[in-house]
Amino acid sequence: MPIATPEVYNEMLDRAKAGKFAYPAINVTSSQTLHAALRGFAEAESDGIIQISTGGAEFLGGQHNKEMVIGAVGLAEFAHIVAAKYDITVALHTDHCPKDKLDGYVRPLLAVSEERVKAGQNPLFQSHMWDGSAETLADNLSIAQELLARAAAAKIILEVEITPTGGEEDGVSHEINDNLYTTVDDAIRTAEALGLGEKGRYLLAASFGNVHGVYKPGNVVLRPELLKELNEGVGAKYGKASPFDFVFHGGSGSTAEEIATALENGVVKMNLDTDTQYAFTRPVADHMFRNYDGVLKVDGEVGNKKTYDPRTWGKLAEASMAARVTEACANLRSTGTKIK
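The shown structure was predicted, so the numbers you read here are calculated from the model rather than taken from an experiment.

Asker: Describe unusual backbone geometry, listing the residues and the values that go with them.
Answerer: Within the chain, glutamate 45 stands out as a residue other than glycine whose phi angle is a positive 55 degrees. Looking at the element boundaries, glutamate 45 is found in the loop between helix 2 (31-44) and strand 2 (48-52). Residue glutamate 45 is classed as partly exposed on the basis of its relative accessible area of 42%. Even without glycine at this site, serine 242 takes up a positive phi of about 45 degrees. Inspection of the secondary structure assignment puts serine 242 in the loop between helix 8 (226-238) and strand 9 (246-248). A relative accessible area of 34% places serine 242 in the partly exposed class.

Structure, rendered in structure tokens:
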């Protein structure tokens, strides 16, 4: 059962929260980066989350037509087949989807899973993200209510981002400023609109200074202790301890101390994209520089097929990215926690 059933995905998240660890959520853009993520999880003996952003799905759909839904469905179906050889369990997730892309991405993917569930199958994806951080909180939560109802009916978990993450990802950007910190009032309004599980399970991407990408020290001020305040503020009103399952966005480049504090305060999922992109590309660049006269037909020569064969440098890229995923598992304490 390498692709989690809805029941197993819930179990994974419950185990992470109880054990104060989190799953790396690795963005993939190809069959090769998918294998790298799966390999990294397997080598760490950790379950995990594989995710596809709108830009990643568009890339997967091919440059001739750039169809996001086809790209996402195609890789998800591929994952259901190839993940069977890995002795770990993974959930499939779609990353940031803003309002103007809902009709071209998340809503059609929900429809795919709704049809599968009606036919007695499991959903294709185990969770989807709605990124309404560019909208007013009222509009954000109104759309989230609609999506949560559909997701719950299709046995899917929804992820919501209620306040901005700084930086830029797939064309959506936010400034790095004081708006990057979710307030207790924001969290209470979220609980009022979406409930605390009775309307469907959701993951909460609350902001505590998170920024996409990697920045030099001092440019980003993370306050992961803020998550404790949000849980305590909402918990006190509703009489429920630690009510939220938090997501850590902009996780690349975070310190060990910041990650540890986030785990102690309820983070069960941390996104990694920038660091794994670099890990994948770095050995390819090294190979090309070292073998430029083999990968290029310099001065009328014929080059060296063994050096420009994509399998040669592709294996290096996969191994490097897998190692970064394994490192992430160690940082997030998920190493050795796979469901037996």
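Asker: Explain the nonpolar core to me, and be specific about the residues and the numbers.
Answerer: When a protein is soluble and globular, its nonpolar side chains tend to lie buried together. Counting residues in hydrophobic clusters, the biggest one holds 81 residues, and the most contacted among them are Phe41, Tyr105, Val160 and Phe244. In this structure valine 160 touches Trp130, Ala144, Leu194, Tyr202, Leu203, Leu204 and Ala205, once residues within four positions along its chain are discounted. Counting 17 residues, the second-largest nonpolar core is a separate cluster that includes Phe21, Tyr23, Ile49 and Ala91.

Asker: Mind laying out the environment of arginine 324, listing which residues take part and the relevant values?
Answerer: Counting through the fold element by element, arginine 324 comes out in helix 13 (residues 310-331). Taking relative accessible area as the criterion, arginine 324 reaches 14% and is therefore assigned buried. In the structure, arginine 324 is positioned 48 residues away from threonine 276 in sequence and 6.3 Å away in space, judged by C-alpha atoms. Not counting residues within four places of it along the chain, the set of residues in contact with arginine 324 comprises Leu272, Asp275, Thr276, Ala279 and Asn331.

Basis of the calculations
Residues numbered from 1 in each chain as written. Predicted model: local features only at pLDDT ≥ 70, side-chain atom pairs only at ≥ 80, totals over all residues. Heavy atoms only, no water. Helix = DSSP H or I, 4+ residues; strand = E, 2+ residues; numbered from the N terminus. Buried < 20%, exposed > 50% of the residue type's maximum accessible area, 1.4 Å probe, protein only. Core = buried A, V, L, I, M, F, W, Y, C linked by side-chain atoms within 4.5 Å. Contact = heavy atoms within 4.5 Å.

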